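If you want the building blocks of each chain, they are given just below.
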Amino acid sequence: MKYQVTHSFPVPLEKLLHAREERYKHLDQFPDLKNVTLLEETKEGNIIRQKRKVSLEGSMPAVLSAALNDLSLLEESTFDITTNTHEFKISPPGKDNVFVIKGKSKYEADGAESKRSYDVDVVSGLLFVSPIVEKAIEEIHKHSLEKDRKSIAKFLGVES
């Protein structure tokens, strides 16, 4: 299942990019991000590689609870600081057959403002229920992206 999401921010691109990273250093101010733990980060030239663990306690759809014994996801991503492109893969640890979210986001100037655009694909390998799983994961991921947008906007002081 493929989908796209675009968020606009009333700030220049450099401020958006700064907020993208800095808010994780101030998690006490962003309760919506407390379910995210940075496991590893490396920088190689223009590429920042990260691994994050995302807890799904309380937001796991019932259709998936039986398929997963660990209610968390592992996100592996790269961010290219020259193209402002973020590529990511999110899946339950060791359970790519249950579902995988793969995507790419691009941070761009939009006149005096800025935006980030996501192209995302969710694939489930669960027999008989994969369309239900894919739709449920799409909704959860879109909600997560909106929470992320709000945390950036709050960090930028453009939304409370």
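Quick caveat: nothing in here was measured; it's all calculated off a predicted structure.

Calculation rules
- Residues numbered from 1 in each chain as written.
- Predicted model: local features only at pLDDT ≥ 70, side-chain atom pairs only at ≥ 80, totals over all residues.
- Heavy atoms only, no water.
- 1 Å grid on protein atoms, 1.4 Å probe; cavity = no way out; pocket = protein on both sides within 12 Å on 5 of 7 lines; lining within 4 Å.
- Points joined across faces, edges and corners; volume = space filled by probe spheres on them.
- Helix = DSSP H or I, 4+ residues; strand = E, 2+ residues; numbered from the N terminus.
- Contact = heavy atoms within 4.5 Å.
- Phe/Tyr/Trp six-rings, centres within 6.5 Å; stacked < 30°, edge-to-face > 60°.
- Lys NZ or Arg CZ within 6 Å of the ring centre and 35° of its normal.

Caption draft 1: The arrangement of the layout of surface pockets in detail. Counted as a void, the second largest pocket has a volume near 250 Å³. Lining the second largest pocket are 15 residues, and of these Glu21, Tyr24, Lys25, Glu41 and Gln50 sit closest to its centre. Secondary-structure elements contributing two or more residues to the lining of the second largest pocket are α1 (13–22), β2 (36–44) and β3 (47–55). Looking at which element gives the most residues to the lining of the second largest pocket, the answer is β2, with five residues.

Caption draft 2: Structural detail: the environment of Leu156. Tracing the backbone through its elements, the reader meets Leu156 in helix α3 (residues 130–156). Taking the C-alpha atoms as reference points, Leu156 and Ala19, 137 residues apart in sequence, are found 6.6 Å from one another. Excluding anything up to four places from it in sequence, Leu156 contacts Phe9, Val11, Lys15 and Ala19.

Caption draft 3: Highlighting the environment of Lys43. Among the structural elements, Lys43 can be located in strand β2. Placed 37 residues apart in sequence, Lys43 and Asp80 show a C-alpha to C-alpha distance of 9.9 Å.

Caption draft 4: Up close: the packing of aromatic side chains. Within the structure shown, the criterion is met by two aromatic pairs. Ring geometry for Phe88 and Tyr118: centres 6.0 Å apart, planes at 65 degrees, overall edge-to-face. One end of the pair, Phe88, is in strand β5 (residues 85–91); the other, Tyr118, is in strand β7 (residues 113–123), and 30 residues separate them in sequence. Looking at Arg20, its charged tip hangs above the ring of Phe79, at a distance of 3.8 Å from the centre.

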